[in-house]
Amino acid sequence: MSDHQDNRGRTAGPAARRESPTRGAGPAAAASASGVAPVPGVSGAASAAVSGPGSAGSASSSAAGRRGRPRSEAAERSIVEAVVHLLEDGVPLSELSIERIARTAGVGKATIYRRWEGKEALFVDVVRSMEPVDPPLPGASVRDDLVAMLEMMRQRGLAKRSSALLHNVFAQMQSYPKLWDMYHRTSVLPRRQRMDEVLRRGIANGEIRADVDFDLLGDLFVGPMLVRTVLRPDGTPGEGAAERIVDAVLDGVRPPL
């Protein structure tokens, strides 16, 4: 049976029955109360999932806006927690149907489709809810902002290592090109754009040379932290790694005196 059909075979859509915003808190809340280990960052998952990079264009908010329906944080939290609960139970992404997620969350499939355009958009928000939330940049200087961004990257790397669930989900995501592309567009690209803004500010105020290839410039800062957090599992970067990387790169890209 298609994920887009209910148990009677009718297409779920605007005419589908509307659930109470609090309906569905039962199974997910019961799973949480039963002692299921929380995933880092999953507390307040619904708000975290839509407050990260690129949230203004997220599928959940656009879907809600298109249909003009009031958003229910309780329902969204229940759905996100249901996906996390299923993943904790070892269910692979390929077997997570909308019908199964709705049943676990205690909501109807229409409730999910009102907030997400499909499984891929939902999975992206679930993964983002499990990552550390990016705090505002200090804004005091280009160096401080770069250090803050690299420290956020270090924290995300540590979270993936400490959470077997998050590490497993990321490994599975790479087997789904559409899902992987969506994650890059909604999470990775906005972070890179934010770094580009800081680097342009550094060029404009004379802290960074203007003759350095701009794409390469960003890679010079990001690359060392990615290598240490992703490619070198035995070389976990410790406290102060962000400062050391930023200072080393800035020393090489400052304008000559």
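Definitions and cut-offs
- Residues numbered from 1 in each chain as written.
- Predicted model: local features only at pLDDT ≥ 70, side-chain atom pairs only at ≥ 80, totals over all residues.
- Heavy atoms only, no water.
- Helix = DSSP H or I, 4+ residues; strand = E, 2+ residues; numbered from the N terminus.
- Buried < 20%, exposed > 50% of the residue type's maximum accessible area, 1.4 Å probe, protein only.
- Contact = heavy atoms within 4.5 Å.
- Areas by Shrake-Rupley, 256 points an atom, 1.4 Å probe, with all protein chains shown as cover.
- Core = buried A, V, L, I, M, F, W, Y, C linked by side-chain atoms within 4.5 Å.

Trainee: I'd like a rundown of the overall build of the protein, residues and numbers included.
Mentor: Scanning the protein from terminus to terminus reveals twelve helices and zero strands. Ordered by position from the N terminus, the helices and strands of the protein form the series α-α-α-α-α-α-α-α-α-α-α-α. Here the protein, with 257 residues, has 43% of them falling under the buried criterion. Excluding contacts between residues fewer than 6 apart, the proportion of contacts in the protein whose partners are at least 24 apart in sequence is 73%. Looking at the protein as shown, the accessible area adds up to about 12,800 Å², and 54% of this sits on carbon and sulfur atoms.

Trainee: Provide a residue-level description of the nonpolar core, including the pertinent values.
Mentor: Ile79, Val83, Leu96, Ile101, Ile112 and Leu122 are the most contacted members of the largest nonpolar core, which has 34 residues in total. Going through the elements one at a time, α4 (73-88), α5 (98-105), α6 (109-113), α7 (119-130), α9 (164-173) and α10 (177-204) are the ones with two or more residues in this core. For valine 83, the contacting residues outside a window of four places in its chain are Leu96, Ile101, Leu122, Phe123 and Val126. Residues Leu199, Val212, Phe221 and Leu250 belong to the second largest nonpolar core, which totals 22 residues.

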